[in-house]
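Breakdown of the fold
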Amino acid sequence: YGQGTVANSDSIIDSDAALAKTVPARLHFIPFDAGVTAIAEMRSGSLQAISGVGNPPVVGAIGTNTGVDVVLAQSFDADALIVPASVTSARQLAGKTVGVLVGSSEDYELRGWLALEGLTKSVKVDGFASEQAVAAAYLAGAVQGGYVQAGPEAQLTAKGGHPLIDAEQIAKLGIPGLNVVAVAQSVVRSDPALVQKYVCAEVQATRLFTGPQAAKYLTQSAKVQGVPGNLIVSATRNYPFIPLSQQLYWLGSTPNDTSSPIVKAYVQTGHFLVGQGRLTTAPTAAVLATHIDSSFVKNALAGGCSS
């Protein structure tokens, strides 16, 4: 899972021994900075589950025949398009350049939104190796907008920038970037009971860090997140997590549901990856749907977890 000021269900499991013991396996948690790297580790057999992985790594994995199944929808991205105070509408971006983390969920979201606004040809999108590099380019005047989150976003707003639109708003327009829990398909097939226990722990962890004792569990997770406890509570509470009540909406409630929002989002992401030259052919909706397994979270939400 990712470290930093925003905790998630896996960091709660990692920091709570009693909850970790409900999963009948030896759990070893490691941090990752990029979903593509984590997927590569899963392909090699080093990882069996990834927490918080975005659209492009998952769709890229499916498109290259890496066995991975999505079992939980965790959050939207928290990025926003930061622009100067003088820019107050999308049409004012015409003729300008905006920066984004290249090949990422954010890249997919930004380009998708620009297409919805009819700005694909009139706005140049520059890809950078990090969001910090995007912020530096914005401050240097090399780009006139930056699609960034957290530290870089605060840095640019402190210099007079403001958010024109954010990832959650873009998701509601039909271009959702979803961070999910993905499990190696080999484990799903060979030991579904173990995967069920893991998803049950994920659901319980989500209830803990969003419930009345959230501050306790978030502060407890600060050590494994690698940050001071006083930073993690507010940052996590303000992050756009997907509520448990919306799991079956995003993932679909029936097997191989090609009409679910996540499959539609992954179809769009596949075309984005083809355009980026990262896939030769976009996976079909039917193929993508076979990699979405909502049965575990459906069972957990229906009370199918032991006390």
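Below, the structure is looked at part by part. All of these numbers come straight from a predicted model, not from anything done at the bench.

Ordered in space as β1-β8-β2, the 3 strands form an open sheet in which the pairing is antiparallel. The outermost strands of the open sheet, each flanked by one partner alone, are β1 (49–53) and β2 (68–76). Pairs of neighbouring strands in the sheet enclose a mean axial angle of 15°, with direction left out of account. Looking at chain direction, β1 and strand β8 (residues 178–184) are connected through 4 bridges and run antiparallel. Paired with Ala49 across the bridge in β8 is Val183. In the packing of helix α3 (residues 35–44) onto the sheet, contacts are made with β1, β2 and β8, and the angle to β1 comes to roughly 165°.

All right, on to helix α14 (residues 261–275) then. Under the 1.5 Å per step criterion, the end-to-end length of α14 is 21 Å for 15 residues, consistent within 8% with the ideal 21 Å. Within α14, the full set of buried residues consists of Pro261, Ile262, Val263, Ala265, Tyr266, Thr269, Gly270, Phe272 and Leu273. Of the residues trailing α14, Gly277 is marked for its positive phi of about 80°.

A few words now on the state of the cysteines. Tallied over the entire structure, the rule returns 1 disulfide. Here Cys200 is linked by a disulfide to Cys305, with a sulfur-sulfur distance of 1.9 Å. Around the S-S axis, the bridge from Cys200 to Cys305 shows a dihedral of about -85° and counts as left-handed. You can see Cys200 sitting in helix α10 (residues 192–210) and its partner Cys305 sitting in the segment after α16 (295–301), a full 105 residues away along the chain. For Cys200, a relative accessible area of 11% puts it in the buried group. With relative accessibility at 29%, the residue Cys305 sits in the partly exposed group.

Calculation rules
Residues numbered from 1 in each chain as written. Predicted model: local features only at pLDDT ≥ 70, side-chain atom pairs only at ≥ 80, totals over all residues. Heavy atoms only, no water. Pairing = 2+ DSSP bridges. Helix = DSSP H or I, 4+ residues; strand = E, 2+ residues; numbered from the N terminus. Axes fitted to C-alpha atoms, helices over the stretch in contact; angles between N-to-C directions. Contact = heavy atoms within 4.5 Å. Expected span 1.5 Å × (residues − 1). Buried < 20%, exposed > 50% of the residue type's maximum accessible area, 1.4 Å probe, protein only. Disulfide = S-S within 2.5 Å.

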